[in-house]
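Structural features, examined
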Amino acid sequence: LVSGPSGAGKEHAARVFHAAREKLAGKPRPFVALNCATIPAGLAERILFGARRGAYSGAVEDARGLVQAADGGTLFLDEVGDLDAAVQTKLLRVLETREVLPVGAVQPVRVDFTLCAATLKDLRAEVLAGRFREDLYFRISRPEFRLPALAERPEEIPWLVERALAGI
């Protein structure tokens, strides 16, 4: 779990973590990112877990979810604190069983992925307020890494500028 303010580089930290794991594996692995704050209401389950053909009107073919797309690699959930409570429950089940049940399916699908989550919210406070599942918090928050705002890390600015210019 990477926490910190907007613009601190939480997704970059997740990509560095993923790259290190990829290097250890010696082969490319998928990195799948999702900003949970941007998911339209009611679609999070389908986006994350997939759906079988006919599961709902308009589902004309099977659709893999992002959990399946991340199989073998890393699933990065940005703003994980914005996930709906029902989806939090299902995500916890996936993390515990290493199986995902697409919407409308009767057989779960085995998955093997690393979850990296990020938030600008204080998830402990969200747990105390009843807006985030305590068991999911403890599942995803070990280890927890707080990334300070870039304003608190001015020594990194030349390196960031160099990286940005190299990408041009």
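A brief report on the enclosed structure follows. Note that the structure is a prediction, hence the values are computed from the model and not measured.

1. Here's the deal with the overall build of the protein chain
Across its full length, the protein chain holds 7 helices and 7 strands. Each helix and strand of the protein chain, placed in order from N terminus to C terminus, yields the pattern β-α-β-α-α-β-α-β-β-β-α-α-β-α. The C-alpha radius of gyration computed for the protein chain amounts to 17 Å, which stays within 12% of the reference 15 Å derived for 168 residues, consistent with globular compactness. With respect to the principal axes defined by its C-alpha atoms, the protein chain has extents near 55 × 40 × 30 Å.

2. Regarding the sheet that holds strand β7 (residues 145-146)
Here we have 5 strands laid out as an open sheet, ordered β2-β3-β6-β1-β7, and parallel in their pairing. Each edge of the open sheet is held by one strand with a lone partner, namely β2 (31-35) and β7. Summarising the sheet, strand β3 (residues 74-78) and strand β6 (residues 114-119) pair through 4 bridges and their orientation is parallel. Within β6, the residue paired with Leu-75 across the bridge is Leu-115.

3. A few points about the side chain of Arg-153
As for its placement among the helices and strands, Arg-153 is situated in the loop between β7 and α7 (157-166). The class of Arg-153 is buried, set by a relative accessible area of 10%. Of note is the side chain of Arg-153, whose polar atom sits 3.0 Å from the side chain of Glu-156. Not counting residues up to four positions away in its chain, the partners in contact with Arg-153 are Ala-8, Leu-147 and Pro-148.

4. So, helix α4 (residues 85-97)
With 13 residues, α4 ought to run about 18 Å at 1.5 Å a step, and its terminal C-alpha atoms sit 19 Å apart, in line with that. The complete set of buried residues in α4 reads Val-87, Gln-88, Leu-91, Leu-92, Val-94 and Leu-95. Each buried residue of α4 lies within a common arc of 160° when the element is viewed along its axis, so the set occupies one face. Next to the buried residues of α4 lie α2 (44-49), α3 (66-69), β3, β4 (99-100), β6 and α6 (134-140). Looking at where α4 begins, the residue whose side-chain oxygen comes 3.1 Å from the main-chain nitrogen of Ala-86 is Asp-84. Of the residues flanking the end of α4, it is Arg-98, one or two places downstream, whose phi is positive at about 60°.

5. Focus on the layout of surface pockets
Taken as a whole, the largest pocket encloses approximately 410 Å³ of empty space. Lining the largest pocket are 18 residues, with Leu-1, Phe-17, Leu-115, Cys-116 and Pro-143 sitting closest to its centre. Sorting the residues of the lining of the largest pocket by element identifies α1 (10-25), β6 and α6 as the ones contributing at least two each. Sort the elements by how many residues they give to the lining of the largest pocket and β6 lands first, with 4 residues. Across the lining of the largest pocket, the residue classes break down as 13 nonpolar, 1 polar and 4 charged.

6. A closer look at a nonpolar patch on the surface
A cluster of nonpolar side chains, contributed by Ile-157, Val-161 and Leu-165, occupies part of the molecular surface with about 260 Å² of accessible area. Looking at where Val-161 falls in the secondary structure, it is placed in helix α7. Under the relative-accessibility criterion, Val-161 is labelled partly exposed at 44%.

7. Some details on α1
The end-to-end C-alpha separation of α1 is 23 Å, in line with the 22 Å expected for 16 residues at 1.5 Å each. Taken together, the buried positions of α1 are Lys-10, Ala-14 and His-18. Angular distribution of buried residues about the axis of α1 spans 70°; they occupy a single face of the element. Immediately downstream of α1, the backbone of Gly-26 shows phi near 75°, a positive value.

Definitions and limits used
Throughout, a residue's number is its position along its own chain's written sequence, starting from 1. Residue-level local features of this predicted model are given only where pLDDT is at least 70; pairs of side-chain atoms are given and counted only at 80 or more, and the full residue set underlies all totals for whole chains, interfaces and linings. Hydrogens and waters are ignored; side-chain quantities use all the structure's heavy atoms. Secondary structure is summarised from DSSP: a helix means a run of H or I of at least four residues, a strand means a run of E of at least two, and numbering begins at the N terminus for each. The size measure is the radius of gyration over C-alpha atoms, and the globule rule it meets is 2.2 Å times the number of residues to the 0.38 power. Pairing between strands requires that DSSP locate at least two bridges from one strand to the other. Using a 1.4 Å probe on the protein chains alone, a residue whose accessible area is under 20% of its type maximum counts as buried, one over 50% counts as exposed, and one in between counts as partly exposed. We call two N or O atoms a polar contact when they sit within 3.5 Å, provided that within protein one can donate a hydrogen and the other can accept it, with sequence-adjacent residues counted only if both atoms are side-chain atoms. By definition, residues are in contact when any of their heavy atoms lie within 4.5 Å. Multiplying one less than the number of residues by 1.5 Å gives the expected span of a helix. The directions from the helix axis to the C-beta atoms are what the arc is built from. Each cavity reported here is a set of points on a 1 Å grid over the protein atoms alone in which a 1.4 Å probe fits but cannot get out, each pocket an open set with protein on both sides within 12 Å along at least five of seven lines, and each lining residue one with an atom within 4 Å of a point. Grid points are joined across faces, edges and corners, and a volume is the space filled by probe spheres set on the points. Nonpolar residues are Ala, Val, Leu, Ile, Met, Phe, Trp, Tyr, Cys and Pro. Charged residues are Asp, Glu, Lys and Arg, and all others, Gly as well, are polar. Exposure above 30% relative accessible area and the lack of any salt bridge qualify a residue for a patch; like charges then connect within 9 Å, and the nonpolar side chains Val, Leu, Ile, Met, Phe, Trp and Tyr within 5 Å. Under the convention used here, a 1.4 Å probe and the Shrake-Rupley method define accessible areas, while residue burial counts only the protein chains that appear. Whenever Lys or Arg places a side-chain nitrogen within 4 Å of a carboxyl oxygen from Asp or Glu, that contact is recorded as a salt bridge.

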